[in-house]
Amino acid sequence: MPLAALETGYLQAPAAAGPDRLDPDRFSPGNRRRLSGPGLRTFLAIADLWGLNEEERRLILGYPSRSTYHAWAKAAREHRDFTLDVDTLTRISAVLGIHQALGVLEESEQAAVVWLRTPNSARVFGGQPPLRLVASGLQDGLMTVRRYLDAARGGLHMEPNDIDADPRPYDEVDIVLR
């Protein structure tokens with residue numbers, strides 16, 4: 001939305017109403033408890049698929065102690081109730097979003113793992129594998145990779161890969177009509 005539209009009052013919220021805010025009930029202990037088990041089980045399955053070691057898993061989850069991480073994993077696998085904090089659930093949500101976007105963008109799960117582990121020339125990755133940013137321990141690293149993939153999935157321009165560095169025009173041999 002153009003900034004001018006907000007400045008002129010178009011679509012501006014009434015002064016008494018204030019800015020839109022998330023519903024605080026979204027973060028209630030009951031909702032977090034309901035999401036914690038399924039969320040962590042899904043995270044563990046994705047971590048297995050991606051071949052993450054324990055240190056990477058803990059970094060992605062906000063670096064809980066080893067005993068806390070193992071207690072969470074055990075409770076999740078046994079389908080017992082436990083409650084993760086908002087930060088940890090947000091991190092799990094980012095991993096699920098990354099996994100989903102890779103499922104759309106890559107031809108196979110193996111190709112998705114290769115993409116995560118291969119150095120990437122896109123400016124945001126600085127020549128490092130995207131997994132390095134994912135497992136940096138910073139929520140911002142997770143969200144950066146998720147936003148990058150969501151933009152690619154949405155069709156926004158991505159920096160060219162090596163295959164695109166020296167494009168040649170199509171000729172008649174390249175065009176096949178059936």
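Nothing here was measured: the structure is a model prediction, and the numbers come from that model.

A. Expanded view of the overall build of the protein chain. If you tally the helices and strands in the protein chain, you get eight helices and zero strands. Walking the protein chain from its N terminus toward its C terminus, one meets helices and strands in the order α-α-α-α-α-α-α-α. Only carbon and sulfur atoms are counted for the fraction: they give 54% of the accessible area of the protein chain, which is about 11900 Å².

B. How the structure looks around helix α8 (residues 139-153). The end-to-end C-alpha distance of α8 is 21 Å, a good match for the 21 Å that 15 residues give at a rise of 1.5 Å each. Residues of α8 that are buried: G141, L142, M143, V145, Y148, L149 and A152. As for α8, its buried residues are in contact with α3 (54-60), α5 (86-105), α6 (109-117) and α7 (130-134). Just downstream of α8, G155 is the residue with a positive phi angle, here 95°.

C. Summary view of the packing of α5 against α8. At a minimum axis distance of 9 Å, the contact between α5 and α8 shows a crossing angle of 30°. On the basis of their axis angle, the class for α5 and α8 is roughly parallel. Where α5 crosses over α8, the handedness of that crossing is left-handed. A class-by-class count of the residues in the contact of α5 with α8 yields 12 nonpolar, five polar and five charged.

D. Spotlight on a nonpolar patch on the surface. Residues L22, F27 and V86 make up a contiguous nonpolar surface patch of roughly 240 Å² in combined accessible area. Within the secondary structure layout, F27 lies in the loop between α1 (3-7) and α2 (29-50). For F27, a relative accessible area of 34% corresponds to the partly exposed category.

E. Looking closely at the layout of surface pockets. Computed from the structure, the largest pocket encloses a volume of approximately 390 Å³. Forming the walls of the largest pocket are 16 residues, and the residues nearest its centre are R26, L35, L89, T90 and S93. When residues of the lining of the largest pocket are traced back to their parent elements, those giving at least two are α2, α5 and α8. For the lining of the largest pocket, the per-class residue count stands at 10 nonpolar, three polar and three charged.

F. Spotlight on the nonpolar core. Among the nonpolar cores identified, the biggest contains 37 residues, and L40, F43 and W50 are the most heavily contacted of them. Counting only elements with at least two residues in this core, the list comes to α2, α4 (66-77), α5, α6, α7 and α8. Per-element tally for this core: the top contributor is α5, with seven residues. Residues in contact with F43, not counting those within four places in the same chain, are R57, I60, L61, I92 and V95.

Conventions we followed
Residues numbered from 1 in each chain as written. Predicted model: local features only at pLDDT ≥ 70, side-chain atom pairs only at ≥ 80, totals over all residues. Heavy atoms only, no water. Helix = DSSP H or I, 4+ residues; strand = E, 2+ residues; numbered from the N terminus. Areas by Shrake-Rupley, 256 points an atom, 1.4 Å probe, with all protein chains shown as cover. Expected span 1.5 Å × (residues − 1). Buried < 20%, exposed > 50% of the residue type's maximum accessible area, 1.4 Å probe, protein only. Contact = heavy atoms within 4.5 Å. Axes fitted to C-alpha atoms, helices over the stretch in contact; angles between N-to-C directions. Parallel < 35°, antiparallel > 145°, perpendicular 65-115°, else oblique. Left-handed = near helix turned anticlockwise from the far one by under 90°. Nonpolar A, V, L, I, M, F, W, Y, C, P; charged D, E, K, R; others polar. Patch = residues over 30% accessible without salt bridge, like charges linked within 9 Å, V, L, I, M, F, W, Y side chains within 5 Å. Salt bridge = Lys/Arg side-chain N within 4 Å of Asp/Glu carboxyl O. 1 Å grid on protein atoms, 1.4 Å probe; cavity = no way out; pocket = protein on both sides within 12 Å on 5 of 7 lines; lining within 4 Å. Points joined across faces, edges and corners; volume = space filled by probe spheres on them. Core = buried A, V, L, I, M, F, W, Y, C linked by side-chain atoms within 4.5 Å.

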